[in-house]
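Residues per chain are reported as follows:
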Amino acid sequence: MSRPKVLVAMKLVPEIAIDLLRKRFDVEVCDSILVTQAELMKKVPGKFAIFCSPANKIDEELIKTAGPSLKVVGTISVGYDHVDLSAMKKYGIRLGYTPDVLTETVAETTVGLLIATTRRFFEANHAVKTGGWKDVTLLWMCGRGIRNSVVGIVGCGNIGTSIAKKLKAFEISQLLYTSRTEKPAVNALGGKLVTIDELVEQSDFIILSIALNEDTKFIINKERIAKMKSHAVLVNIGRGGLIDQDALIEALQENRIGGAGLDVMTPEPLPLDSPLMKMDNVVLLPHIGSASVETRTEMAILTANNIIAVLDNTVMPKEVQF
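Residues numbered from 1 in each chain as written. Predicted model: local features only at pLDDT ≥ 70, side-chain atom pairs only at ≥ 80, totals over all residues. Heavy atoms only, no water.

The following threshold applies: UniProt positions are given in the numbering used here, feature names are shortened, and annotations may be inferred rather than shown by experiment.
If you check an unreviewed UniProt entry, the protein appears there as Glyoxylate reductase/hydroxypyruvate reductase from Acyrthosiphon pisum. Turning to the protein, the UniProt annotation filed under Sequence similarities (unreviewed entry) states: "Belongs to the D-isomer specific 2-hydroxyacid dehydrogenase family."

What follows is the structure, encoded as structure tokens:
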């Protein structure tokens, strides 16, 4: 009797997770880092499960192509805006994801990205390597410190709360945040729940750590960018679609805000001819918020266990409810 089949939509997944799946399934691993949609469509028929990432679009066409054998999608991510939830519900397919395990790693990346942007680390490093470090003035390569600043965190879930805890140690003057409800853990740090417009107007550093959905798309738009302080630094570790990128580019080109640190952008990978690539007041990272060996391995194991739980008809460790 043949075993159910799992499609792993990327190569170089930690072997410990693949081995877990191989004990219960026939596993097909795609031989690409970025699998095309056409390749997914070709390989998905007859599969019980898809092990995917945000780079893979799980839409109704793909689900229909998979056929009635498809019972679960496991995404190795916290965000699931790449998955058509309406189609998943329509066809009775369950969705596993990986919250919590990456909280601290993403928060660490956020703090590093914030510091690198406001203190101009990448720009200074480039100067060292290209001969720009000579005859410097007193204020050469000076950025702005975090101490005594106002920090605003848009979206204070687990990641936002961890960021708040870490930045509080920098002796900031005020912590603002947005959330659907009061966050006692953030309030205990001196945090104040405010509206998004109050936050962008008052903050020296604005951090986006909110999920992308129809309500949050372009939550940072042209109008809100116009309300920011002239020295404000915007950091995004959520999703590229949270920001109207064209409006951000325009503001950065005109030096209407201090700078931007982006771990996520639109599209990904960012085209080499994007204006963002040429700006000294922008720090770009290739979506590596959770990129520690320990965290990515734990995420892969959790994704495998989410898939296995559906086969066993047991409670999934981390399931998206819709």
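## Here's the deal with a nonpolar patch on the surface
Keep this limit in mind: Candidates for patches are residues over 30% relative accessible area with no salt bridge; among them, like charges are joined within 9 Å and nonpolar side chains (Val, Leu, Ile, Met, Phe, Trp, Tyr) within 5 Å. Using a 1.4 Å probe, accessible areas were evaluated by the Shrake-Rupley method; residue-level cover was limited to the displayed protein chains. Salt bridges are counted wherever a side-chain nitrogen of Lys or Arg sits within 4 Å of a carboxyl oxygen of Asp or Glu. Counting from the N terminus, the helices are the DSSP runs of H or I reaching at least four residues and the strands are the DSSP runs of E reaching at least two.
A cluster of nonpolar side chains, namely V128, W133, V136 and W140, defines an oily patch on the protein surface of about 410 Å² accessible area. With respect to the helices and strands, W133 occurs in the loop between helix 6 (121-130) and strand 6 (150-154).

## Side note on the UniProt feature "domain: D-isomer specific 2-hydroxyacid dehydrogenase catalytic" (unreviewed entry) in the protein
Feature annotation in UniProt assigns "domain: D-isomer specific 2-hydroxyacid dehydrogenase catalytic" (unreviewed entry) to the following positions: residues 9-320. As annotated, residues 9-320 comprises 35% helix and 14% strand, and the C-alpha atoms at either end are separated by 20 Å.

## A closer look at the packing of helix 1 (residues 15-22) against helix 12 (residues 293-311)
Stated precisely, the cut-off is as follows: Angular values range over 0 to 180 degrees, each being the angle between N-to-C directions of two axes fitted as lines to C-alpha atoms, with helices fitted over their stretch in contact. Any angle that is under 35 degrees is reported as roughly parallel, and any over 145 degrees as roughly antiparallel; angles of 65 to 115 degrees are reported as roughly perpendicular and all others as oblique. Should the near helix be turned counterclockwise from the far one by less than a right angle, the crossing is left-handed, whereas a clockwise turn marks it as right-handed. Two residues form a contact once any of their heavy atoms are found within 4.5 Å. Charged means Asp, Glu, Lys or Arg here, nonpolar means Ala, Val, Leu, Ile, Met, Phe, Trp, Tyr, Cys or Pro, and polar covers whatever is left, Gly included.
Interaxial distance between helix 1 and helix 12 falls to 8 Å at its minimum, and their mutual angle equals 10 degrees. When the interaxial angle is binned, helix 1 and helix 12 end up roughly parallel. The hand of the helix 1/helix 12 crossing is right-handed. Every residue of helix 12 that contacts helix 1 at I16, A17, L20 and L21 is listed here: T297, A300, I301, A304, N305, I307 and I308. Broken down by class, the residue content of the contact of helix 1 with helix 12 amounts to 9 nonpolar, 2 polar and no charged.

## Comments concerning the sheet that holds strand 2 (residues 26-29)
Put simply, the rule reads: Any two strands between which DSSP finds at least two bridges are classified as paired.
On the basis of which strands lie adjacent, the open sheet formed by 5 strands has the order 2-1-3-4-5 and parallel pairing. Only two strands of the sheet have a single partner each, and these edge strands are strand 2 and strand 5 (94-96). Strand-to-strand twist in this sheet, taken as the mean axis angle between neighbours without regard to direction, amounts to 15 degrees. Both strand 4 (residues 72-75) and strand 5 contribute to a ladder of 3 bridges, which runs parallel. Looking at strand 5, one finds that G74 is bridged to G96. Across the sheet, helix 1 lies against strand 1 (5-8), strand 2 and strand 3 (49-52), angled at about 145 degrees from strand 2, the strand it touches most. Across the sheet, helix 12 touches strand 1, strand 3, strand 4 and strand 5, and the angle it forms with strand 3 is around 170 degrees.

## Some remarks on the nonpolar core
Within soluble globular proteins, side chains that are nonpolar tend to cluster in buried spots. Selection criterion: To form a nonpolar core, buried Ala, Val, Leu, Ile, Met, Phe, Trp, Tyr and Cys residues must be joined to one another through side-chain atoms within 4.5 Å. Think of it in three bands: residues with accessible area under 20% of the maximum for their type are buried, residues over 50% are exposed, and the middle band is partly exposed, with areas taken using a 1.4 Å probe on protein chains only. The domain limits used here are those given by an automatic or database domain assignment.
Ranked by size, the top nonpolar core spans 47 residues in total, and within it L21 and F51 carry the most contacts. Sort the elements by how many residues they give to this core and helix 12 lands first, with 7 residues. Two domains each provide a minimum of three residues to this core, namely domain 1 (5-97 + 293-320) and domain 2 (102-284). With residues up to four places along the chain from it excluded, the contact list for L21 reads V6, V8, V27, F51, A304, I307 and I308.

## Considering unusual backbone geometry
Most peptide bonds take the trans form, and the phi angle of most residues other than glycine is negative. Across the junction of T266 and P267, the peptide omega takes the value -10 degrees, indicating a cis bond. You can see P267 is positioned in the loop between strand 11 (259-262) and strand 12 (282-284). In this model, E268 is joined to P269 through a cis peptide bond whose omega is -5 degrees. Take P269: it is sitting in the loop between strand 11 and strand 12. The phi angle at D100 is positive, at roughly 75 degrees, despite the residue not being glycine.

## Side note on the packing of helix 5 (residues 103-118) against helix 7 (residues 158-168)
Helix 7 packs onto helix 5 with a crossing angle of 50 degrees between their chain directions and a minimal axis gap of 9 Å. Viewed along their axes, helix 5 and helix 7 adopt a mutual orientation that is oblique. The crossing of helix 5 and helix 7 is right-handed. Along the contact surface, helix 5 presents T103, E104, V106, A107, E108, T110, V111 and L114, while helix 7 presents N158, I159, S162, I163, K166 and L167.

## A closer look at the pairing of strand 7 (residues 174-178)
Heads up, the rule is: Crossovers are described as right-handed under a simple rule: with the strands pointing away from the observer, the path leading from the first strand over the helix to the second runs clockwise.
Counted residue by residue, strand 7 has 4 buried out of 5 residues, so it is predominantly covered. Bridge analysis of strand 6 against strand 7 gives 5 bridges, and the strand direction is parallel. From the neighbouring strand, V151 faces strand 7, where its bridge partner is L175. Taking the sense of rotation as the criterion, the β-α-β connection linking strand 6, helix 7 and strand 7 turns out right-handed. Pairing between strand 7 and strand 8 (residues 191-193): 3 bridges, direction parallel. Directly across from L176, in strand 8, lies its bridge partner K192.

## Section: the UniProt feature "domain: D-isomer specific 2-hydroxyacid dehydrogenase NAD-binding" (unreviewed entry) in the protein
Residues given the UniProt feature "domain: D-isomer specific 2-hydroxyacid dehydrogenase NAD-binding" (unreviewed entry) here are residues 111-289. Along residues 111-289 the backbone is 31% helical and 16% strand, and the end-to-end C-alpha distance reaches 11 Å.

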